[in-house]
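Results of the structural survey
As a plain string of letters, each chain reads:
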Amino acid sequence: LSLFLQKISYRNVSVFKSKLKTDLDVGTFWTSGTKLSLHTKPRMPPCDFTPERYKTLSYNRVLEIHKQHLSPVVTAYFQKPLLLHQGHMEWLFDFEGNRYLDFFSGVVTVSVGHCHPKVNAAAQKQLTHLWHTSTIFFHPPMHEYAEKLSALLPEPLKVIFLTNSGSEANDLAMLMARAHSNNTDIISFRGAYHGCSPYTLGLTNVGSFKMKLPSGMGCQATMCPDVFRGPWGGSHCRDSPVQTIRKCNCAPGCCQAKDQYIEQFKDTLNTAVAKSIAGFFAEPIQGVNGVVQYPKGFLKEAFQLVRQRGGVCIADEVQTGFGRLGSHFWGFQTHDVLPDIVTMAKGIGNGFPMAAVVTTPEIAKSLAKRLLHFNTFGGNPMACAIGSAVLEVIKEDSLQENSQEVGTYMLLKFAKLRDEFEIVGDVRGKGLMIGIEMVKDKMSRQPLPHEEINQIHEDCKEMGLLIGRGGIFSQTFRIAPAMCITKPEVDFAVEVFRSALIQHMERRAK
Ligand SMILES: Cc1ncc(COP(=O)(O)O)c(C=O)c1O
Ligand SMILES: *[C@@H]1O[C@H](CO)[C@@H](O)[C@H](O)[C@H]1NC(C)=O
């Protein structure tokens, strides 16, 4: 507790410092060469944590081992991949002791903070009591967790299946949808990512994940109602403090873009699937596809159409759940819909492998009637103890409220950069799930070329800010930090991003 208090008082000091700094910065502009140096190294807010000295493998040894023994599929960011050593809340430390503000949280996964003391304590306690039993025996951590998690979901979503990853959760949800409906066809959006297992690859509609082999039987893609890049969209479509730069003259409560995209959805139902379908998967806001938001009301109408065809509706809350969107605990609540199945992973365990499928007693029964489902590690005591602590911390530290407050503050700050820079095409999101889509110019909305975005990304890292990428052209920067971040840290992140854009403009001008 004393550590926590110390941190809070420390943070107050940094609020004050950061205010002074931004006041001084007003009036500078990127074209001014002499003032540029003021911007190139924004000052990082303080952190009261000191990492241990790094004493293990040398950087080159790590590269060598990686090359020889690990997956040759390159997923590492940066020309010189980052070798990390320790983490504390929203901070990461590399092998050389450099500190980074982590605004991507291990791909939207560290929900309450790296090595959060309360979660660590729960993990350590369970570690000394019992690691594993499998579901053939009962153990209280699983039952305590099931009770806690179900309390956070509306009726009739009360039956929980525990798994280890988002892909496993979606695999199971696909099975459930088929077992319950007696149908096969499942619809998901183009550009969607729902996992990488052979079964979920049918739902994932990103070209680079597709193989030249038959797969994804019974899965069909439909147009993603992307109000920025898609054919329709305007200035009131989305549930975000920031709208697109597109104009529209829809009357209040109407959205022509939504109507157009619903026509496309009907077209898919009429042409690409059987008369009766098994289900429809959607994320409340798309993560991997670059924080894409649909027009308000779209999901509600789509869910009705799916149910008319005998299908069940699945909300993939792997990225959007657990308070990240601020206004609500679950993303589906922001669309005013009630799914039949909800899948969750990532933030559920703050980085510990854990996932869940929550559904109605009726659907759960349909599955149980059809098949035996077993998962060795699902509901593991360690995972459940950690999951319970994560839920407690979200509540005790008011992290949903912090997502709302700090996320909205950040969205509005990034929206100002869109006004300032031609290559910032769109700023969107809700709470602490934010996307910044980079374009060649605002007129064409063509993606900014890869090499240019890579360099901006790398420059942010050099200044101590870690952010993510998304979109099928990797054209969108994604921001989804642990929900414990503060406004001074946001000020720093925005300053860093702005400096990286200024450096980019300078390179271009040469
Ligand atoms: C929306 C969504 N669903 C499912 C998954 C798959 O989760 P996992 O990587 O834990 O299998 C991901 C992973 O990025 C995701 O973003
Ligand atoms: C699916 O098939 C089973 C077994 O034939 C049947 O009991 C059930 O009512 C069917 N469900 C639907 C939704 O048609």
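Counting from 1, residues in each chain are numbered in the order their sequence is written. Key to labels: chains lettered from A, ligands numbered from 1, both in the order written. Per-residue local features of the predicted model are confined to residues with pLDDT of at least 70, and side-chain atom pairs are confined, for both listing and counting, to 80 or more; whole-chain, interface and lining totals are unaffected and use all residues. For the side-chain quantities, the full set of heavy atoms in the structure was used; hydrogens and water were omitted.

The next point concerns the site of ligand 2. Residues are labelled near a given molecule or strand when at least one of their non-hydrogen atoms is within 4 Å of it. Ligand 2 sits among His180, Asn182 and Arg370. Separating an oxygen atom of ligand 2 from a side-chain N or O atom of arginine 370 is a distance of 3.0 Å. Polar contacts, as counted here, are pairs of nitrogen or oxygen atoms within 3.5 Å of one another; within protein the pair requires one atom able to donate a hydrogen and one able to accept it, and residues that are adjacent in sequence qualify only if both atoms are side-chain atoms.

In terms of nonpolar packing, the biggest core is built from 102 residues, with Phe103, Leu149, Phe280, Phe322, Met344, Met438 and Phe497 touching the most fellow members. Per element, the largest residue contribution to this core is 10 residues, and it comes from helix α14 (residues 487-509). Residues are treated as being in contact if the distance between any of their heavy atoms lies within 4.5 Å. Sequence-distant contacts of phenylalanine 103, defined by excluding residues within four places in its chain, comprise Met410, Leu465, Leu466, Ile467, Arg478, Ile479, Ala480, Pro481, Ile485, Glu489, Val490 and Ala493. Only buried Ala, Val, Leu, Ile, Met, Phe, Trp, Tyr and Cys residues count toward a nonpolar core, and they belong to the same one when joined by side-chain atoms within 4.5 Å. Burial here depends on accessible area, computed with a 1.4 Å probe over protein chains only, as a share of the maximum for the residue type. Under 20% is buried, over 50% is exposed, and the range in between is partly exposed. Under the DSSP-based scheme used, a helix requires at least four consecutive residues in state H or I and a strand at least two consecutive residues in state E, with every element numbered from the N terminus.

Let us look at the confidence of the model for the protein chain. Across the chain, each position has a pLDDT score giving the predictor's confidence in that residue, from 0 to 100. In the predicted model, the protein chain carries a mean pLDDT of 92, and the fraction of residues at 70 or more is 92%. Of all the helices and strands in the protein chain, helix α1 (residues 2-25) carries the lowest mean pLDDT, 35, while strand β8 (residues 312-316) carries the highest, 99. For residues 1-38, every residue scores under 50 in pLDDT, and the model assigns this stretch 38 contacts once sequence neighbours within four places are set aside.

What follows deals with the packing of helix α13 (residues 450-462) against α14. In this description, a line fitted to the C-alpha atoms serves as the axis of each element, helices being fitted only across the stretch in contact, and the angle between N-to-C directions of two axes falls anywhere from 0 to 180 degrees. Put simply, α13 and α14 touch, their axes get as near as 9 Å, and they point 135° apart. By the criterion of interaxial angle, the relationship of α13 to α14 is oblique. By crossing handedness, the relation of α13 to α14 is classed as right-handed. Judged by residue contacts, Glu452, Gln455, Ile456, Asp459 and Cys460 of α13 engage Val496, Phe497, Ala500, Leu501, Gln503, His504, Arg507 and Arg508 from α14. When the residues that make up the contact of α13 with α14 are grouped by side-chain class, the tally is 6 nonpolar, 3 polar and 4 charged. Roughly parallel here means an angle under 35 degrees, roughly antiparallel means over 145, roughly perpendicular means 65 to 115, and every remaining angle is called oblique. Crossings are classed by handedness, with left-handed meaning an anticlockwise turn of the near helix from the far one by less than a right angle and right-handed meaning a clockwise turn. The nonpolar class holds Ala, Val, Leu, Ile, Met, Phe, Trp, Tyr, Cys and Pro. Asp, Glu, Lys and Arg form the charged class, and all remaining residues, Gly among them, are polar.

On to a nonpolar patch on the surface, then. Patch rule: a residue counts if its relative accessible area is over 30% and it has no salt bridge; like charges are joined within 9 Å, and nonpolar side chains (Val, Leu, Ile, Met, Phe, Trp, Tyr) within 5 Å. Computed with the Shrake-Rupley method and a 1.4 Å probe, the accessible areas treat only the protein chains shown as cover for residues. Here a salt bridge means any side-chain nitrogen of Lys or Arg lying within 4 Å of a carboxyl oxygen belonging to Asp or Glu. Together, Ile136, Phe137 and Phe374 give the surface a local cluster of nonpolar side chains, amounting to about 360 Å² of exposed area. You can see phenylalanine 374 is positioned in the loop between α10 (361-370) and α11 (381-396).

By the definition in use, this model includes 22 salt bridges. Put simply, aspartate 340 and arginine 307 hold a salt bridge, and the shortest N to O gap is 3.1 Å. Placement of aspartate 340 in the loop between β8 and β9 (341-344) and of arginine 307 in helix α9 (residues 298-308) is noted, with a sequence separation of 33 residues between them. Judged by its relative accessible area of 16%, aspartate 340 is buried. One salt bridge in this structure joins lysine 413 and aspartate 491, with 2.8 Å as the shortest N-O distance. Within this pair, whereas lysine 413 is found in helix α12 (residues 399-420), its partner aspartate 491 is found in helix α14, the two being separated by 78 residues in sequence. With relative accessibility at 8%, the residue aspartate 491 sits in the buried group. When salt bridges that share partners are traced, they join Arg229, Arg238, Arg418, Asp426, Arg428 and Glu437 into one network.

Below, the discussion takes up the packing of aromatic side chains. Each pair of aromatic rings taken from Phe, Tyr and Trp, with Trp reduced to its six-membered ring, is defined by centres within 6.5 Å and is described as stacked if the planes are under 30 degrees apart, edge-to-face if over 60, and tilted in the remaining cases. Applying the stated criterion across every chain, the model contains 18 aromatic pairs. Centre to centre, the rings of phenylalanine 189 and phenylalanine 280 are 5.5 Å apart; their planes meet at 90°, and the pair counts as edge-to-face. With a gap of 91 residues between them, phenylalanine 189 in strand β5 (residues 186-189) and phenylalanine 280 in strand β7 (residues 279-282) connect regions that are remote in the sequence. Residue phenylalanine 280 is classed as buried on the basis of its relative accessible area of 0%. Note that arginine 99 overlies the ring of tryptophan 91, its terminal NZ or CZ placed 4.4 Å from the centroid. Should the NZ of a Lys or the CZ of an Arg lie within 6 Å of a ring centre and within 35 degrees of the ring normal, that charge is described as sitting over the ring. Of note, lysine 487 hangs over the ring of tyrosine 409, and the distance from its end group to the ring centre comes to 5.1 Å.

Once that is clear, we can look at the site of ligand 1. Within the structure, ligand 1 sits among 13 residues, and Gly166, Ser167, Asp316, Gln319 and Lys346 are positioned closest to it. Measuring from an oxygen atom of ligand 1, one finds a side-chain N or O atom of lysine 346 at 3.0 Å. In terms of residue count, helix α7 (residues 166-181) provides more of the shell around ligand 1 than any other element does, 3 residues in total. Split by residue class, the shell around ligand 1 holds 3 nonpolar, 7 polar and 3 charged.

Pairs of cysteine sulfur atoms within 2.5 Å are what we label disulfides. Summed over the entire model, instances satisfying the criterion amount to 0 disulfides. Between cysteine 196, a cysteine without a disulfide, and cysteine 219, which holds the nearest cysteine sulfur, the sulfur-to-sulfur distance is 14 Å. Judged by its relative accessible area of 41%, cysteine 196 is partly exposed. Not part of a disulfide, cysteine 248 finds its nearest cysteine sulfur in cysteine 250, a span of 4.3 Å.

This part is about the side chain of threonine 476. Here threonine 476 is to be found in strand β15 (residues 476-479). Every residue in contact with threonine 476, bar those within four places of it in the chain, is listed here: Gly290, Arg428, Gly435, Ile436, Glu437, Gly468, Arg469 and Gly470.

Here we take up the environment of lysine 369. Here lysine 369 shows up in helix α10. Between the C-alpha atom of lysine 369 and that of proline 481, which follows or precedes it by 112 residues, the distance is 41 Å.

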